[in-house]
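A structural walkthrough
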Amino acid sequence: MLGAMGCQGRCGGAAAVPAAPGALSEAERRALPGTIVFLSERAGQKDVWRVTPAGEETQVTSAPEDEYPGPPSPDGRTLLVIASGEADGRVFQQLRLQPLAGGPQSQVALHPPRPRARNASWAPDGTWLAAESDAQGFSDVVRVRPQANAVDAQLTNVKAGCFEPAVSPDGTEVACVCSGEGDPEVYVFRADGTGEPRRITTFYLEDRTPQWSPDGKWLAFVSNRERKERVYLVRPDGSDLRALSGGGFAGDEREAAFSPDGRRVAYVARLEDGKSRIWVADVAGGAPVALTDGQHRDDMPAWSPDGKALVFVSERDGDTDLYLMRPDGTGQTRLTTAKGADWLPRWFTPR
């Protein structure tokens, strides 16, 4: 049984957390917009929950299989959920739509369970999604309508596979990674399936996880072309390629997140001792600024819809929980407290 259920209002959360010195005030947290969906293992399996910046929690899914939060629809009314389980000895995945105002019976499966169905990205008008699918090949990027029993429209046809699609902000193109010549490179395909793809990167090592800036003027991606993982920026025509952190490399970089105005990128640098630190860099250039102190594992930064705060994941208090902070790194505040890992936050404005 799936749907928004249980713990309406508050199940633990910020009410149980003494305010730490320098933490965001309750008034400041309540002024932050939107809601944060996240994956929680507090019930012994992976379910989707949501929490307001003030700490009011609601369970969103509770299926027997694990469910991961995907991207919310552009109108903020529906969450894409990726279910993952095992049937007849085989692991399966399934894309599902979870109306955020719906009840236990409101979830809609887009297709039957299959081995690969992941990494979905919404078109800006909400009428279709791009996703990875193995319905017709090993791993194609397909276009699918958000409805039950939807039929995949193939956008890529590469034997070695294409992965990690990202729809452009104007909905006309889809960036993804294809392994056609033995190593993953970034390509851009027309969203209507016509024409030839545009190759963005050319290097013999791996380029992956492309994502568009909100204004569509940049693509960010991760590459090991310097024998270390770094976040790069490149124009959608392949020009102006450069490392985001310039000369400020401080450990393997990943999990880049553009600010809503597209002027900054938050990212994670993994340190040699296994800890990690969140940084922010201006797209225009300049030295990156550390937002967390590198004494813990701090990961998965996500911006608030107004760009006035970030949520991130940290193990600093002995469990894996969500935390808030201002964009300059001040006001770090624990948001979730339930025992069991909370991670993979997505912050958006529901309708």
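One structure accompanies this document, and this report is about it. (Residues numbered from 1 in each chain as written. Predicted model: local features only at pLDDT ≥ 70, side-chain atom pairs only at ≥ 80, totals over all residues. Heavy atoms only, no water.)

Following the criterion strictly, the structure yields 22 salt bridges and no others. For the salt bridge of aspartate 152 with arginine 114, the shortest nitrogen-to-oxygen distance reads 3.1 Å. Of this pair, aspartate 152 sits in the loop between β10 (140–144) and β11 (153–154) while arginine 114 sits in the loop between β7 (108–109) and β8 (117–122), and the two are 38 residues apart along the sequence. Assigned by exposure class, aspartate 152 and arginine 114 land together as buried. Glutamate 229 serves as the salt-bridge partner of arginine 208, at 2.1 Å between the closest nitrogen and oxygen. Taken as a pair, arginine 208 in strand β16 (residues 207–212) and glutamate 229 in the loop between β17 (219–223) and β18 (230–234) lie far apart in primary sequence, 21 residues in all. Among the residues examined, arginine 208 registers a relative accessible area of 27% and is labelled partly exposed. A network of salt bridges, in which partner residues are shared, links Arg254, Glu255, Arg270 and Asp299. (Salt bridge = Lys/Arg side-chain N within 4 Å of Asp/Glu carboxyl O. Helix = DSSP H or I, 4+ residues; strand = E, 2+ residues; numbered from the N terminus. Buried < 20%, exposed > 50% of the residue type's maximum accessible area, 1.4 Å probe, protein only.)

In this section: the environment of alanine 256. Along the polypeptide, alanine 256 turns up in strand β20 (residues 252–258). Classification of alanine 256 by relative accessible area gives buried; the value is 15%. Discounting residues that sit within four places of it in the chain, alanine 256 has contacts with Gln211, Val231, Val265, Ala266 and Tyr267. (Contact = heavy atoms within 4.5 Å.)

As a further point, take the pairing of strand β25 (residues 310–314). Among the five residues of β25, five are classified as buried, and the element is accordingly described as predominantly covered. The alternating pattern of β25 places Leu310, Phe312 and Ser314 on one face and Val311 and Val313 on the opposite face, and all of these are buried. With four bridges joining them, strand β24 (residues 298–303) and β25 adopt antiparallel strand pairing. From the neighbouring strand, aspartate 299 faces β25, where its bridge partner is valine 313. Hairpin remark: β24 followed by β25, antiparallel, with six residues in the connecting loop; positive phi at glycine 307, about 70 degrees. Note that β25 and strand β26 (residues 321–325) share five bridges and pair antiparallel. Bridged to valine 313 within β26 is leucine 322. (Pairing = 2+ DSSP bridges.)

With respect to topology, four strands assemble into an open sheet ordered β4-β5-β6-β7, the strand pairing being antiparallel. Only two strands of the sheet have a single partner each, and these edge strands are β4 (66–72) and β7. Note that strand β5 (residues 78–87) and strand β6 (residues 90–99) share 10 bridges and pair antiparallel. Among the inter-strand pairings, leucine 80 is bridged to a residue of β6, identified as leucine 97.

Centre-to-centre distance and the angle between the planes together describe a pair of aromatic rings. Counted under the stated rule, the structure contains six aromatic pairs. Centre to centre, the rings of tyrosine 68 and tryptophan 343 are 6.4 Å apart; their planes meet at 75 degrees, and the pair counts as edge-to-face. A residue pair is termed long-range when its members are at least 10 positions apart, and tyrosine 68 in strand β4 and tryptophan 343 in strand β28 (residues 342–348) qualify at 275 residues. Ring geometry for phenylalanine 203 versus tyrosine 204: centroids 5.0 Å apart, planes at 20 degrees, classification stacked. Positioned above the aromatic ring of phenylalanine 138, the side-chain terminus of arginine 116 is 5.0 Å from the ring centre. (Phe/Tyr/Trp six-rings, centres within 6.5 Å; stacked < 30°, edge-to-face > 60°. Lys NZ or Arg CZ within 6 Å of the ring centre and 35° of its normal.)

Moving on to the pairing of strand β2 (residues 47–51). In terms of burial, β2 is largely enclosed, as five of its five residues are buried. Across the two faces of β2 the burial is the same, with Asp47, Trp49 and Val51 and Val48 and Arg50 all buried. Relative to β2, strand β1 (residues 35–40) runs antiparallel, the two sharing five bridges. The residue bridging serine 40 from the neighbouring strand is aspartate 47, located in β2.

Another point: the sheet that holds strand β13 (residues 173–178). The strand order β12-β13-β14-β15 describes an open sheet built from four strands, whose pairing is antiparallel. In this open sheet, the two edge strands, each paired with only one partner strand, are β12 (162–167) and β15 (198–199). Across two bridges, strand β14 (residues 185–190) lies against β15 in antiparallel orientation. The residue of β15 that forms the bridge with tyrosine 187 is arginine 199.

The next subject is the environment of leucine 95. Among the structural elements, leucine 95 can be located in strand β6. Separated by 13 residues in the primary sequence, leucine 95 and valine 108 place their C-alpha atoms 8.6 Å from one another. With sequence-adjacent residues up to four places away left out, leucine 95 is seen in contact with Leu80, Val81, Ile82, Val108, Ala109, Leu110, His111, Ala117, Arg118 and Ala131.

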